[in-house]
Amino acid sequence: MWHSCGRYTIEGLFAKCDPVVRETYRAFEKAALEIAPFHVIPQKTRVVFQLRIRCTGATPTKRLLRVHFITR
């Protein structure tokens, strides 16, 4: 996929965000990891949580965190 190539970090994704966005992400990540042992994968514009497939993720913006879920 176009966004798969590269080395991205959580810190880089949240570098320009308001502190509340990073705090919200931390709470989201903590809750997700309590549910299942997800692989947390930072990408160019988002972070995804993967088991066998990417099943949830979040896209940070300056002032908010967009959370998305994939359902079947």
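Remember, predicted model here, so these are calculated numbers, not experimental data.

Novice: Please set out the nonpolar core residue by residue, giving values where relevant.
Specialist: Residues Phe14, Tyr25, Phe38, Val47, Phe49 and Leu65 are the most contacted members of the largest nonpolar core, which totals 15 residues. Of all the secondary-structure elements, those providing two or more residues to this core are helix H1 (10–13), helix H2 (19–35), strand E2 (47–50) and strand E3 (54–60). It is H2 that provides the largest number of residues to this core, a total of 4 residues. What Phe38 contacts, discounting residues up to four positions off in sequence, is Ala32, Leu33, Phe49, Gln50, Leu51 and Cys55.

Novice: Any details on the pattern of salt bridges? Residues and values, ideally.
Specialist: Inspection of every chain in the model, using the stated rule, returns 2 salt bridges. Of the charged contacts, one joins Asp18 and Lys62 as a salt bridge, the two residues approaching to 3.0 Å between their closest N and O atoms. Taken together, the positions of Asp18 in the loop between H1 and H2 and Lys62 in the loop between E3 and strand E4 (65–69) put the pair 44 residues apart, joining distant regions of the chain. Accessibility expressed as a relative area gives 22% for Asp18, which makes it partly exposed.

Novice: Kindly report on the packing of aromatic side chains, identifying the contributing residues and their values.
Specialist: Counted by the stated rule, this structure contains 5 aromatic pairs. With a centroid separation of 5.0 Å and 40 degrees between ring planes, the pair formed by Phe14 and Tyr25 is classed as tilted. Residue Phe14 is found in the loop between H1 and H2, and its partner Tyr25 is found in helix H2; the two are separated by 11 residues along the sequence. This pair shows no difference in class: Phe14 is buried, exactly as Tyr25 is. Seen from their ring centres, Phe28 and Phe69 are 6.4 Å apart, and the 75 degrees between their planes marks the pair as edge-to-face.

What counts as what
- Residues numbered from 1 in each chain as written.
- Predicted model: local features only at pLDDT ≥ 70, side-chain atom pairs only at ≥ 80, totals over all residues.
- Heavy atoms only, no water.
- Core = buried A, V, L, I, M, F, W, Y, C linked by side-chain atoms within 4.5 Å.
- Buried < 20%, exposed > 50% of the residue type's maximum accessible area, 1.4 Å probe, protein only.
- Helix = DSSP H or I, 4+ residues; strand = E, 2+ residues; numbered from the N terminus.
- Contact = heavy atoms within 4.5 Å.
- Salt bridge = Lys/Arg side-chain N within 4 Å of Asp/Glu carboxyl O.
- Phe/Tyr/Trp six-rings, centres within 6.5 Å; stacked < 30°, edge-to-face > 60°.

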